[in-house]
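# Results of the structural survey
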Amino acid sequence: MSMSTSLSNPMGAWRAGMPATARFPVLPRPNLDWTPEVEAATAHLYERIAKVMPPVEWPFHAPYVKAINELKRARNAVILAHNYQTPEIYHCVADYVGDSLQLAKLAAASPADVIVQGGVHFMAETSKILSPEKTVLIPDAEAGCSLAASITGADVRALRREYPGVPIVAYVNTSAEVKAEVDICCTSSNALKIVESLGSDRVIMVPDRFLAQSMAAQTKVKIIAWHGACEVHERFTAEEIQSYRADHPGVKIIAHPECPREVVEISDFAGSTAAMIDYVRTKRPARVLLVTECSMADNVAAETTGTEFVRPCNFCPHMKRITLPRIFDSLLYMREEVVVDPLLAERARASVQRMIDVG
Ligand code: SF4
């Protein structure tokens, strides 16, 4: 069954036009057998992930990889893969990789008609907000996010009533509905700059309380925090990180700002997924522990030599809903289409644009 999803339109006041399933032609279903031809056609792609995937697993992935890359051409589609996608997606079928905002901006600039989001729903909405004329698909509409789910547009309106005149900053890990209600967006890289650009002695930050605590420790601006958290990063503890340090002498510990404050404080570096990858590429530590979602270490390890990756493995169950078979179905059957009310998308886009304008 194909269906349109519109988490941003809970009132159902806006109706999508003709669905993607009707706008795009039906394509024949590609063969998914493991054959010598498939092996030869995908050998160069397996080389990219050979360090992190045993050869015995490749015959299960390769037919999908070949078929997906052919379907992309037939649909004039691009696949965006967040840094937390598994290596066979990230290295073998993705056209663009990165964090959610990087991906949305790259997709908007591409000439593709169709965007397939290898990531979670708020990311697909951000892509739709920045590419309203393109068809955006998410291979599993249930791929959510504990941060994005922690706050609604009604919650933001209630905050405005409670704190009149206090600017509200939303982390990009929010729904389009929330982005439309706030004053400006931020990422984990630019949050401090955004907070200090507002010229206010108080700022409300939603939804991540740990990112808000991190900002409060770095600025004189009084930060009023929402209570959301990433269910993956909040599980890391200072004790766990200390024990990794004791067991792996010389290890450089790099944490994502969505981790609890005490984890960030005992780390050697904290930054966005893009900043973490940049740290490994430029500093080339002999041993590193990335305190973030598990697949990112695999993706960086696949392309890095001379660095040992210590792996505390916390998977994001939402990111792992995106698989090669679901991407295959998404491109073949043009589902699940992500729809955002155009008026709401315009307001959400303005919050993102204000952030981009701050620089
Ligand atoms: S890793 Fe955390 S922030 Fe990212 S999608 Fe999963 S729950 Fe959301």
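Structure: see above.
The paragraphs below set out a description of the structure included in this document. (Residues numbered from 1 in each chain as written. Predicted model: local features only at pLDDT ≥ 70, side-chain atom pairs only at ≥ 80, totals over all residues. Heavy atoms only, no water.)

### Some remarks on the site of the ligand
Every residue close to the ligand is listed here: Tyr84, Val120, Cys145, Ser146, Leu147, Asn173, Cys230, Val232, Glu258 and Cys316. Taken together, the residues of the shell around the ligand sort by class into seven nonpolar, two polar and one charged. (Near = heavy atom within 4 Å. Nonpolar A, V, L, I, M, F, W, Y, C, P; charged D, E, K, R; others polar.)

### Structural notes on unusual backbone geometry
Across the junction of valine 206 and proline 207, the peptide omega takes the value -10°, indicating a cis bond. Position of proline 207 relative to the elements: it lies in the loop between β8 (202-206) and α11 (209-216). In this structure, asparagine 76 takes a positive phi of about 50° despite not being glycine. Mapped onto the fold, asparagine 76 is located in the loop between α3 (58-75) and β2 (77-82). Not every positive phi belongs to a glycine, and arginine 284 is a case in point at roughly 45°. In this structure, arginine 284 sits in the loop between α14 (273-283) and β12 (287-291). (Helix = DSSP H or I, 4+ residues; strand = E, 2+ residues; numbered from the N terminus.)

### Examining helix α17 (residues 342-358)
Over its 17 residues, α17 extends 24 Å from the first C-alpha to the last, a length consistent with the 24 Å expected when each residue adds 1.5 Å. Taken together, the buried positions of α17 are occupied by Leu344, Ala345, Ala348, Ser351, Val352 and Met355. Take α17 and look down its axis: the buried residues cluster within an arc of 125°, on one side only. Residues of α17 that are exposed and angled more than 90 degrees away from the buried face: Leu343 and Asp357. (Expected span 1.5 Å × (residues − 1). Buried < 20%, exposed > 50% of the residue type's maximum accessible area, 1.4 Å probe, protein only. Arc of directions from axis to C-beta.)

### Some thoughts on the pairing of strand β9 (residues 222-225)
In this structure, β8 lies alongside β9, joined through four bridges in parallel fashion. Bridge pairing in β9 links isoleucine 204 to isoleucine 224. Note on the crossover from β8 through α11 to β9: the handedness is right-handed. (Pairing = 2+ DSSP bridges. Right-handed = clockwise from strand over helix to strand, strands pointing away.)

### Considerations on the sheet that holds strand β11 (residues 269-270)
In spatial order, the strands read β11-β10-β12-β13; together these four strands make up an open sheet with parallel pairing. Taken across any chain shown, the strands that pair with only one partner, and hence form the sheet edges, are β11 and β13 (308-310). Note that strand β10 (residues 252-255) and β12 share four bridges and pair parallel. Note on β12: the bridge partner recorded for isoleucine 254 is leucine 290. α14 rests against β10, β11, β12 and β13 of the sheet, and its axis sits at about 160° to β10. (Contact = heavy atoms within 4.5 Å. Axes fitted to C-alpha atoms, helices over the stretch in contact; angles between N-to-C directions.)

All quantities given are derived from atomic positions and should not be read as evidence of function.
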